[in-house]
Amino acid sequence: MSTSLPSGPGETERTTPVTDAASSAPATPPAHRRGGVAAVLGRHRAAWLVTASVAAFALLGGGAVALGAATAPAGVPVASTAVPSRTATPTPTPPPRPVPTVEQVASPLRTCSVAPLLTDSRFGTLQAQVLRADGQVMFERDAGTASQTASSLKVLTAAAALNVLGPDFRASTRVVAGAEPGTIVLVGGGDLTLTRLPTGTEPVYTGAAHLDDLAAKTKAAWEAQFPGTPISRIVLDSSYFGGKTWGDTWPPTERGTGWLSHITALQVDADRADPRVFLSPRGDDPIGRAGAAFARYFNDVPFEQGTAPAGAAELASVSSQPLSTLIPQFLIPSDNSLAEMVARHVAIRLGIGNTIGALATAIPQALDVYGIDTSGVRIADGSGMSRNNAVAPSYFTALFLKIHAREGTLGIVLDGLPVAGQSGTLNYSNRFFGDNAVARGHVRAKSGSISSAYTLTGIIDAADGSTLIFAIFATGRVGAEARTAIDTLATAFYRCGGNLSNT
């Protein structure tokens, strides 16, 4: 039931009573009774004589002054007896009371409460914030505390990459001549989308570069430069990325379930067993898989890991899709390997390093351009798989305000988000079903799911036509059921729209 508060009371004008001095005196003075009537008459006679004397003196004095004025010698100044009149000092008028030039309209009371949903035990520890599209806070619960993000972190990776790399950035894979006769070097440039499928067959990453195209270009260039010399050996150079290939807190089971590969600068199809299946299992030697696939185009010559000689002549190269295409490819299905690849490129471009450890500095630095305080942001990887990432819900809503406004190139992130009931991770059968199906098509957001954190951050086109920016975190002792609790709360935000209450 909707209620409304009466408008605030207007100021009552206060008036100070004015006392009439005449009315405060007695109407009739007290009678003087000592001398009786004679005394009274005597006093009246004396008063008359005094008055008459004063009048006569005034007449004589006035005549003397007039006579003196008439008989005064010429040129002698005559003192004036006129009494100068006093000009009354005007009573100052107080300045007018200031009146607002714009009428102040009281904000309507918002009455749509989601309070009954907040005690759902499936949330574990709930944090949330909802903003209007103009930035006004509509709802919040512990929104300023940095917590585990799960895959919502990919939004930060995308925003950082757009700033540092730009939407046209592409990762390349090259082949150069080796130091020994008959040797070529396959140099990984950090393109995990490179596919071993033949040209004309699309892998998971639509539009990816094909290994057979690179091999054909290599053969043509080799024959032109080294005619008559066969290619007898392949060196695999994956040194563009350094350090550990697997995060400290990443569960090894994620490789078996197909959610994540070892992060190396040289690999094909993000090391999937089946390049056409998103959740195909990943292996333990992505560099070796890439080498074996490339060697087939050269009669399966032997290959080994190494590095390209300095200044080696390039024979051929192929490039990934631009970043503007890669961002939707890792946001919509929540591709962890691709997000890690892009994050590593950010650190390299900034000159901070080529390891996973470099991301802790690189990603916040890359985000500074958006003018949102990153002092509380803690980065452990680029995908959100690590439980050591920590970002506050309020950071996400502040960033999504800019994404919604398409600030700079951030519209690429907006267009690359999953949509409830329509695409990506928000189109699974366990998302926005039952009563929550009403919000399908109206929630554009990035989901996140790890064992200790479930999140959803993005934009809601509410039922009343308003736009809401939101972030919901469920962390701590949580399970997969937290997804439904989150969807239910997001659907409640959708239903409330601009009438959402913070109570």
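Below or above, wherever it landed, is the structure these notes cover. Everything quoted here is computed from the prediction, not taken from an experiment.

By volume, the largest pocket is sized at about 420 Å³. Forming the boundary of the largest pocket are 22 residues, of which E254, M385, S449, I450 and R483 lie nearest the centre. In the lining of the largest pocket, the residues fall into five nonpolar, 12 polar and five charged.

Below, the discussion takes up helix α12 (residues 482-496). For α12, with 15 residues, the first-to-last C-alpha span of 21 Å sits near the 21 Å given by 1.5 Å per residue. Within α12, 12 of the 15 residues are buried, which leaves the element mostly enclosed by the surrounding structure. Those residues of α12 that fall on the buried side of the exposure criterion are A482, T484, A485, I486, D487, L489, A490, T491, A492, F493, Y494 and C496. Those residues of α12 that are buried lie in contact with β1 (125-132), β2 (137-141), β9 (453-461) and β10 (467-475).

Time to look at the sheet that holds strand β7 (residues 314-319). Taken in spatial order, the five strands line up as β6-β5-β4-β3-β7 in an open sheet, and their pairing is mixed. Each end of this open sheet is capped by a strand with a single partner; those strands are β6 (303-305) and β7. The mean angle between the axes of side-by-side strands here comes to 20°, regardless of whether they run parallel or antiparallel. Strand direction decides the pairing type here: strand β3 (residues 172-177) and strand β4 (residues 183-187), joined by four bridges, are antiparallel. Paired with R174 across the bridge in β4 is V187. Lying over the sheet, helix α4 (residues 211-225) contacts β3, β4 and β7, oriented at roughly 165° with respect to β7. Sitting on the sheet, helix α6 (residues 286-295) is in contact with β3, β4, β5 (233-237) and β6, with an inclination near 150° to β6.

By the definition in use, this model includes one disulfide. A sulfur-sulfur separation of 2.0 Å characterises the disulfide bridge that pairs C112 with C496. The chirality of the disulfide connecting C112 with C496 is left-handed, given an S-S dihedral of about -60°. With C112 in the loop between α2 (36-71) and β1 and C496 in helix α12, the pair connects residues that are 384 residues apart, well separated along the chain. Classification of C496 as buried rests on a relative accessible area of 6%.

Rules and cut-offs
Residues numbered from 1 in each chain as written. Predicted model: local features only at pLDDT ≥ 70, side-chain atom pairs only at ≥ 80, totals over all residues. Heavy atoms only, no water. 1 Å grid on protein atoms, 1.4 Å probe; cavity = no way out; pocket = protein on both sides within 12 Å on 5 of 7 lines; lining within 4 Å. Points joined across faces, edges and corners; volume = space filled by probe spheres on them. Nonpolar A, V, L, I, M, F, W, Y, C, P; charged D, E, K, R; others polar. Helix = DSSP H or I, 4+ residues; strand = E, 2+ residues; numbered from the N terminus. Expected span 1.5 Å × (residues − 1). Buried < 20%, exposed > 50% of the residue type's maximum accessible area, 1.4 Å probe, protein only. Contact = heavy atoms within 4.5 Å. Pairing = 2+ DSSP bridges. Axes fitted to C-alpha atoms, helices over the stretch in contact; angles between N-to-C directions. Disulfide = S-S within 2.5 Å.

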